[in-house]
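# Structure at a glance
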Amino acid sequence: MKALRTIALTLLFLCALPAGAAFRSVDPIQVPGELLVEIGGKPLANLRLYAFRAGAMTMIPYQIDERLPNGTWIFELGATNTKLANRLFDRQDLLVFRARDLGDRAERGLWPSASTVEIEIRDPRDQSRAYAYLVCFPQNPPARPRFDTIKLAQSNPWERGEMPFTVSGETYTIEGMVNLIRGNYYKTAVNKALYFPTAGGQTQNLLDGMRMRAFAEVLFGQIRIDADETNMMGGIQALTQGPIRGYGRQWMTFTLPLGLSSPRIYSDVFTYDRMVVAPMKHNIPFNPDALLTRAGIEFGYDFAEAAVGMRFFSPNCLEGVTIDGKMSKRERTLPNRSEERRVGKE
């Protein structure tokens, strides 16, 4: 069997557990193709991902997100660009899987194919390790099991424009707002509803409304334009839904004086089985330095009465505070800056 090198990756924020144990369940991992050069250029249809668990090599959930050399994502729904995809594993493509599915290290004699890359994941805090194996079969690869870690309510959200964009993971269901603009429906990933699963089904909607505040200053601050959720419009332009995550590109614009609309600003949203990541990496279709002096945008949500009694956590408040509609002394002292935040039942 041909010896291939091990790819060692350092994964931040993993729990300090021995290899093969259950890593923290919410951690997704993405590995760029440039680190997996032995499999480079191989057909995506011939690739499979395995872990050594309970003494056997087992296929685990994964997906490969194709990108163009300039980093542009390949989108399969909506405003698709699939004609640009070559369906080969290139340096800029991303192998995506979950930390919770990793396993122990397997002897080479157990590797499913001669074309195998061992991927080693290390916890930087104690150097504990876990492994996955990316395998290329020359032909007739084994069938992939169906993994539904996240689901869309509609396989193609554009088929019925009036229905909200709805996605469900293992621990949540979210529904997005739908904008009706000049007779056309535009679905968004801006949440209008959030549900958590319960033993009897799911909670009531935990959200009362979305809040947005944006501003832009031009002419060295001489002119300021403000916007909020009442004059913001937007929609999902394109998305791809895989077994590990979905990713979509959303556009938004807001009303300017004299009834004009601002240029569209684009942002990406990623949904996983147990969390949603919205990095708000904006793609502005003009050079902002040539026009804007200063600009900013903030999003937030008001909780509904159904959320009363739940707990709110952030890196600055690991002990959590109770949602009760009243500002406690601890809540008033929480730093008001961008952080990862979680809400859930005890």
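Residues numbered from 1 in each chain as written. Predicted model: local features only at pLDDT ≥ 70, side-chain atom pairs only at ≥ 80, totals over all residues. Heavy atoms only, no water.

The biggest cluster of nonpolar side chains holds 23 residues, and the ones touching the most others in it are F89, L95, F97 and L134. Broken down by secondary-structure element, the contributors of at least two residues to this core are strand 2 (28–32), strand 3 (47–53), strand 7 (94–98), strand 8 (116–122) and strand 9 (129–136). It is strand 9 that contributes the most residues to this core, four residues altogether. When near neighbours in sequence (up to four residues on either side) are disregarded, L134 contacts L36, I39, L47, R48, L49, F89, L95, S115, T116, V117 and I119. Core analysis: the next-biggest nonpolar cluster, separate from the first, contains 21 residues, V269, A307, F312 and I323 among them. (Core = buried A, V, L, I, M, F, W, Y, C linked by side-chain atoms within 4.5 Å. Buried < 20%, exposed > 50% of the residue type's maximum accessible area, 1.4 Å probe, protein only. Helix = DSSP H or I, 4+ residues; strand = E, 2+ residues; numbered from the N terminus. Contact = heavy atoms within 4.5 Å.)

With that settled, the discussion passes to the pattern of salt bridges. Pairs can form between side chains of opposite charge whenever their charged atoms are close. Overall, the coordinates contain 20 salt bridges when judged by the stated rule. E319 is paired through a salt bridge with R330; the nearest N and O atoms lie 2.6 Å apart. Of the two residues, E319 sits in strand 24 (residues 317–322) while R330 sits in helix 1 (residues 329–332), which places them 11 residues apart along the sequence. The partly exposed category is assigned to R330, whose relative accessible area is 30%. (Salt bridge = Lys/Arg side-chain N within 4 Å of Asp/Glu carboxyl O.)

As paired strands, strand 16 (residues 207–218) and strand 17 (residues 223–228) are joined by six bridges and run antiparallel to one another. When the sheet's bridge partners are listed, A214 is paired in strand 17 with A227. Hairpin connection from strand 16 to strand 17: four residues lie between these consecutive antiparallel strands, with L219 at a positive phi of about 55°. (Pairing = 2+ DSSP bridges.)

Another aspect to go through is the packing of aromatic side chains. Going through the model one piece at a time under the given rule, you end up with seven aromatic pairs. With a centroid separation of 6.2 Å and 35° between ring planes, the pair formed by Y247 and F270 is classed as tilted. Of the two residues, Y247 is situated in strand 19 (residues 245–254) and F270 in strand 20 (residues 265–272); the sequence distance between them amounts to 23 residues. Comparing Y247 with F270 shows no difference in burial state: the two are buried. Directly above the aromatic system of Y62 lies the positively charged group of R144, at a separation of 3.9 Å from the ring centroid. The ring of W251 is capped by R264, whose NZ or CZ atom sits 3.6 Å from the centre of that ring. (Phe/Tyr/Trp six-rings, centres within 6.5 Å; stacked < 30°, edge-to-face > 60°. Lys NZ or Arg CZ within 6 Å of the ring centre and 35° of its normal.)

Before going further, it helps to examine the sheet that holds strand 5 (residues 63–65). Taken in spatial order, the three strands of this open sheet run 2-7-5, and their pairing is antiparallel. A strand with exactly one partner marks an edge of an open sheet, and here the two such strands are strand 2 and strand 5. Taken pair by pair, the neighbouring strands of this sheet meet at an average axis angle of 30°, ignoring direction. With three bridges connecting them, strand 5 and strand 7 associate as antiparallel partners. Paired with I64 across the two strands is L95, which belongs to strand 7. (Axes fitted to C-alpha atoms, helices over the stretch in contact; angles between N-to-C directions.)

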